[in-house]
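Read off the chains here:
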Amino acid sequence: MSEAVSHDSHHDDHGPAKGLTRWLFTTNHKDIGTLYLIFSLIMFFTGGAMALIIRAELFQPGLQFVDPHFFNQLTTMHALLMVFGAVMPAFVGLANWLLPMMIGAPDMALPRMNNWSFWILPFAFAMLISTLFMQGGGPAGGWTLYPPLVLQTGDAFPFMIFAIHLMGISSIMGSINVIVTILNMRAPGMTLLKMPLFVWTWLITAYLLLAVMPVLAGAVTMLLTDKYFGTSFFLGAGGGDPVLFQHIFWFFGHPEVYIMILPAFGVVSQIIPTFARKPLFGYEAMVYATATIAFLSFIVWAHHMFTSGMPIAGQMFFMFATMLIAIPTAVKVFNWTATMWRGEMTFETPMLFAVAFVILFTIGGFSGLMLAIVPADYQYHDTYFVVAHFHYVLVPGAVFSIMAATYYWLPKWTGKMYNETLGKTHFWLSMIGVNVLFFPQHFLGLAGMPRRIPDYAIQFADFNMVSSIGALIFGFSQLFFVWVIIDCVRNGKQATSQVWEGAEGLEWTLPSPAPYHSFETAPEIK
Amino acid sequence: MTEPQKPKAKPLALRLLAIAVVMFGFGFLLVPLYDIFCAITGLRAPIEQVAETDIESSEIAAREVTIEMVANRNNSAPWEFRPSESIKVVDTGSIYETSYFARNLLDEGLTATAAPDIRPVEAAKYFKKIECFCFTAQEFGPEESKDMLVRFMVSKDLPKYIDRITLSYTLYATPKVAGNNQ
């Protein structure tokens, strides 16, 4: 691999502008990446605060802190904020920071659109969150927005729909940018099958986004016209069918699940080889597995709707198609394991998060398999078992991978090493917290506790209390995360450009911190 | 160093944007596709009328099937609505009659539409309606009550594993009222 041109012989006037306008008008992929990541962190804490109020209410049976209507608003907003505000922007932020550096490009392909796709997000979420203070409160029908319930939302309704449209536009622009960057701006010699896996997973994710975000936009537009313009897409009274909405929503919703996890697969596939000091086992198999998962995600949506009344043949098809996804996913898990096998492993914080990802994501995957079994799903549907399942794939799955990525590339971003002891402390607090928080929810679900309720029968009391204690540990240990980052920026030791002994890839040929424009001259790939 | 030919940024971006636009349209296309799919598979209970003379005289022996009658109203509809009998044991191949009772609770006139549903869905196409209040809109005067008739027959071709059918009606006020419910 060639050395990057690190001495900036020209364009000295081309550094970042000063002050607030730097951030408002920036077209630089690193600035925009930083904005995305900070925005995501703010949303993570906002949605997390809502989750803590939910867990506080559920600490004991009975109604303690909030009234049920507000509780429903919290569950709805928590999900919308975490999905569209925390996890997705975090991955877009990582893509912005890393894709140009990984493929040897100076910047993203469409920098002005990049600026726009970030800056509509704060407005979208300001609008969404403002609904909490409106008459009738925020949306309370669940993030899945099922009619006819969601049509009973008060003044918040059009604001929520418009906010979702804006988020969708932002995602679509972001994914167009990602695809054009990857297809157009790779350094000479960087063929598609030489791209780092994070680039591959993002390329596939971007196509998924492009295919399904517009479908969600269509679905919420139909909700809007049903409520205000007299159409009856989903209203039985006018000949519509509310189940149709579920089909359209989950046609978006299931690929959306993979949009949130495929980049995580990419992150973990970068980190594990570094700390196992071995190349990734089965690189091509990983690429094809990712593509297979993406394809399958389009033909399994109705497994979210087994109880909505479907012929046996339909249930069977969606059950088996869903179970089929376990195969490419298992390919990935086995490949990560095989990469670690007989590697010279060390366990720095990014590796700890990555290994925890593999183990805990697999638990979430297995509970997903259980939910795919139709007769079992009738028992599990809409219980805490579902809550436990998707939180296992999203929190110790997607969120852990984002944290792993942050620790892994933080020295490259800031030029400073974070404090390893603090990082490991954060990991262990999170690891313990997340399991105490979500594991008991499996038992609650199997015992029959429904989702989205502010009060429950007393036989569920013990596990709920344990879960709430875990929530407190997990929630507050994320403040620790912020402290580790601030400490890194302020007191961190200067990082080398290689940073990690076993790290491979173009980004590690750049100095730390990475220069404002990544590769002014394209590197040559062998 | 020769650059390999790569697509230019702008046309590629526009092509990708076109994908997004097409997928937005696809979301709406799902609406008629869903109707066609339901019609082909018989997922939705058919509302069309079957003439008494069209009833088949099959060689298959008649057997007993339990029909459960259910009445629903959506939350904004000001009705009292219930089946006059909740369970009826019928023979396949014979015509039966039952009725639903509805009363308008408002002191103004209302138009009602009833949407039928049948479970299990596999039974829907074997449940023949000869006369049904769901075929037409029902007019109600202020506080008027009505017994609304359903004449039906369960086809002898009903698959053997089905011995119990739920017939459900949901009564809606006219869309103008239901569409703007708060």
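Residues numbered from 1 in each chain as written. Chains lettered and ligands numbered in written order. Predicted model: local features only at pLDDT ≥ 70, side-chain atom pairs only at ≥ 80, totals over all residues. Heavy atoms only, no water.

1. What to know about the overall build of chain A
Going by this rule: The helix count covers DSSP runs of H or I at least four residues long, the strand count covers runs of E at least two residues long, and both are numbered beginning at the N terminus. Only the C-alpha atoms count toward the radius of gyration. The rule for a globule is 2.2 Å times the residue count to the power 0.38. Each residue gets one of three labels from its accessible area relative to the maximum for its type: buried under 20%, exposed over 50%, partly exposed in between, using a 1.4 Å probe on protein chains only. Contacts between residues were defined by any pair of non-hydrogen atoms, one from each residue, lying within 4.5 Å. Throughout, the Shrake-Rupley method with a 1.4 Å probe supplies accessible areas, and for residues the shown protein chains are the sole cover considered. In this tally, Lys and Arg are treated as positive and Asp and Glu as negative; His is ignored, and so are the chain termini. By convention, the charge on Lys lies at NZ, on Arg at CZ, on Asp at CG and on Glu at CD.
Summing up its helical and strand segments, chain A has 16 helices and zero strands in all. Here chain A has a C-alpha radius of gyration of 23 Å; the compact-globule value for 526 residues is 24 Å, and the two agree. In terms of overall dimensions, chain A has C-alpha extents of about 70 × 50 × 45 Å along its principal axes. Split into buried and exposed, the 526 residues of chain A put 61% on the buried side. Nonlocal contacts in chain A, meaning residues at least 24 apart in sequence, comprise 83% of its contacts between residues at least 6 apart. Counting every atom, chain A has about 19200 Å² of accessible surface; 71% of that belongs to carbon and sulfur. Distance between charge centres in chain A, computed from 20 positive and 26 negative side chains, equals 6 Å.

2. A few points about the nonpolar core
Short version of the rule: The definition of a nonpolar core used throughout is a set of buried Ala, Val, Leu, Ile, Met, Phe, Trp, Tyr and Cys residues joined through side-chain atoms within 4.5 Å.
If you look at the biggest cluster of nonpolar residues, it comprises 190 residues, and the most contacted ones within it are Phe84(A), Phe125(A), Trp202(A), Trp336(A) and Phe400(A). Here the element with the most residues in this core is helix H3 (residues 68–103) of chain A; it accounts for 23 residues. For Trp336(A), the residues in contact, after removing those within four places along its chain, are Phe265(A), Val268(A), Ser269(A), Ile272(A), Leu280(A), Met286(A), Phe357(A) and Val358(A). In terms of nonpolar packing, the next biggest core, distinct from the first, is built from 32 residues, Ala77(B), Cys134(B), Leu158(B) and Ile165(B) among them.

3. Some words on the packing of helix H11 (residues 326–340) of chain A against helix H12 (residues 349–372) of chain A
Residue and element names in this part refer to chain A. Formally: Orientation is described by lines fitted to C-alpha atoms, with helices fitted over the stretch in contact, and by angles between N-to-C directions that extend from 0 to 180 degrees. Here is the rule for angles: anything less than 35 degrees is roughly parallel, anything more than 145 is roughly antiparallel, 65 through 115 is roughly perpendicular, and the remaining ranges are oblique. Two helices that cross are described as forming a left-handed crossing if the nearer one is turned anticlockwise from the farther one by less than a right angle, and a right-handed crossing if clockwise.
As a packed pair, H11 and H12 sit with axes 11 Å apart at the nearest point and diverge in direction by 155°. By the angle between their directions, the pair H11 and H12 is classed as roughly antiparallel. As H11 packs across H12, the resulting crossing turns out to be left-handed. Only Met351, Val355, Phe357, Val358, Phe361, Thr362 and Leu369 of H12 make contact with H11, whose side of the interface consists of Ala326, Thr329, Val333, Trp336 and Met340.

4. Focus on H3(A)
All names here are of chain A. Applied cut-off: Residue count minus one, scaled by 1.5 Å, sets the expected span of a helix. At every residue, the bend is computed as the angle between two fitted axes, covering the seven residues ending there and the seven beginning there respectively.
The end-to-end C-alpha distance of H3, which contains 36 residues, comes to 50 Å, matching closely the 52 Å that a straight helix rising 1.5 Å per residue would cover. At Met82, H3 is bent by approximately 35°, the largest bend along its length. With 32 of its 36 residues buried, H3 lies for the most part within the structure. Remark: Gly104 follows H3 within two positions and exhibits a positive phi of approximately 75°.

5. Overview of the packing of aromatic side chains
We count it as follows: Pairing of aromatic side chains requires ring centres within 6.5 Å, counting the rings of Phe and Tyr and the six-membered ring of Trp. Pairs whose planes differ by under 30 degrees are stacked, by over 60 edge-to-face, and all others tilted. Think of it as a cone above the ring: NZ of Lys or CZ of Arg counts as a charge over the ring if it is within 6 Å of the ring centre and within 35 degrees of the ring normal.
This model, assessed by the stated rule, comprises 56 aromatic pairs over all chains. Measuring from ring centre to ring centre gives 6.0 Å for Phe44(A) and Phe45(A), while their planes differ by 70°; the resulting arrangement is edge-to-face. Its relative accessible area of 13% is what places Phe44(A) among the buried residues. Classification of Phe45(A) by relative accessible area gives partly exposed; the value is 25%. Relative to Phe481(A), the ring of Tyr407(A) lies with its centre 5.7 Å away and its plane at 55°, an arrangement referred to as tilted. Note that Tyr407(A) is positioned in helix H14 (residues 384–414) and Phe481(A) in helix H16 (residues 461–491), a separation of 74 residues in sequence. The same class applies to Tyr407(A) as to Phe481(A), namely buried. The side chain of Lys227(A) reaches across the aromatic face of Phe157(A), ending 5.6 Å from its centre. The aromatic ring of Phe140(B) is capped on one face by Lys146(B), whose charged end is 4.8 Å from the ring centroid.

6. Describing helix H5 (residues 156–184) of chain A
With 29 residues, H5(A) extends 42 Å between its outermost C-alpha atoms, agreeing within 8% with the 42 Å of an ideal straight helix rising 1.5 Å per residue. With 24 of 29 residues buried, H5(A) is to be regarded as a mostly interior element.

7. Remarks on the pairing of strand S1 (residues 64–73) of chain B
Residue and element names in this part refer to chain B. Note the cut-off: Pairs of strands are assigned from DSSP output, requiring at least two bridges between the strands.
With five bridges joining them, S1 and strand S3 (residues 87–91) adopt antiparallel strand pairing. Within S3, the position partnered with Glu68 by the bridge is Ile87. Strand direction decides the pairing type here: S1 and strand S9 (residues 164–173), joined by eight bridges, are parallel. Opposite Ala71, over in S9, you have Tyr169 as the bridge partner.

8. Focus on the pairing of S9(B)
Residue and element names in this part refer to chain B. Counting buried positions along S9 gives eight out of 10 residues, so the element sits mostly inside the fold. Looking at chain direction, strand S5 (residues 110–119) and S9 are connected through eight bridges and run antiparallel. Its bridge partner being in S9, Ala114 is matched across the sheet by Leu171.

9. So, the sheet that holds strand S6 (residues 127–132) of chain B
All names here are of chain B. Strands sit in the order S2-S4-S8-S6 across an open sheet of four strands; the sheet is antiparallel. Looking along the sheet, the strands with just one partner apiece sit at the ends: strand S2 (79–83) and S6. Put simply, the sheet's adjacent strands are angled 25° from each other on average, direction ignored. The pairing of S6 with strand S8 (residues 145–154) spans five bridges and is classified as antiparallel. Note that in S8 the partner of Lys129 across the bridge is Phe152.

10. Some remarks on the interface of chain A and chain B
Put simply, the rule is: Buried area is a sum: the accessible area each of two parts loses on coming together, probed at 1.4 Å, counted once for each and added. Any carboxyl oxygen of Asp or Glu within 4 Å of a side-chain nitrogen of Lys or Arg constitutes a salt bridge here. Each polar contact in these results corresponds to two N or O atoms within 3.5 Å; when the atoms are within protein, one needs to be able to donate a hydrogen and the other to accept it, and residues that are neighboring in sequence are counted only if both atoms are side-chain atoms. Residues are grouped as follows: nonpolar covers Ala, Val, Leu, Ile, Met, Phe, Trp, Tyr, Cys and Pro; charged covers Asp, Glu, Lys and Arg; every other residue, Gly included, is treated as polar.
Contacts between the two partners involve 42 residues from chain A and, on the opposite side, 35 residues from chain B. For the chain A and chain B pair, buried surface summed over both sides reaches about 3100 Å², with 69% attributable to carbon and sulfur atoms. Sorting the residues of chain A by area buried against chain B places Gln152(A), Asn184(A) and Ala237(A) first, and these three jointly supply 18% of that buried surface. At the boundary of chain A with chain B, the tally comes to zero salt bridges. Counting the contacts that link chain A with chain B gives two residue pairs in polar contact (both at pLDDT 80 or more). Going through the elements one at a time, H5, helix H6 (197–228) and helix H7 (242–259) of chain A are the ones with two or more residues in the side of chain A that touches chain B. Classifying every residue of the side of chain A that touches chain B by side-chain character gives 25 nonpolar, 12 polar and five charged.

11. Notes on the state of the cysteines
Think of a disulfide as a covalent bridge from one cysteine sulfur atom to another cysteine sulfur atom. Residues and elements named next belong to chain B. Using the following cut-off: In this description, a disulfide is simply a cysteine sulfur pair whose atoms lie within 2.5 Å.
Applying the stated criterion across every chain yields a total of one disulfide over all chains. A disulfide bridge connects Cys132 with Cys134, and the sulfur atoms are separated by 2.3 Å. In this structure, the disulfide formed by Cys132 and Cys134 twists by about 130° around the S-S bond and is classed as right-handed. Both residues of the pair, Cys132 and Cys134, count as buried.

12. Structural notes on the side chain of Ser401(A)
Residues and elements named next belong to chain A. Residue position: Ser401 is located in helix H14. Assessed through its relative accessible area of 0%, Ser401 is described here as buried. Once you skip the residues sitting within four places of it in the chain, Ser401 turns out to touch Phe91, Ala264, Val267, Val268 and Phe357.

13. Points about the environment of Tyr146(A)
All names here are of chain A. Within the secondary structure layout, Tyr146 lies in the loop between helix H4 (111–130) and H5. The class of Tyr146 is partly exposed, set by a relative accessible area of 22%. Between the C-alpha atoms of Tyr146 and Leu244, which are 98 residues apart in sequence, the distance is 9.9 Å. Setting aside chain neighbours within four positions, we find Tyr146 in contact with Phe245, Gln246 and Trp250.

14. Some words on the confidence of the model for chain A
This is how the line gets drawn: Each residue gets a pLDDT score, which is the predictor's confidence in that residue and runs from 0 to 100.
Averaged over every residue, the pLDDT of chain A is 93; the share at 70 or more is 97%. Confidence drops under a pLDDT of 50 for residues 1–13 of chain A, and excluding neighbours within four residues, the segment shows 15 contacts in the predicted structure.

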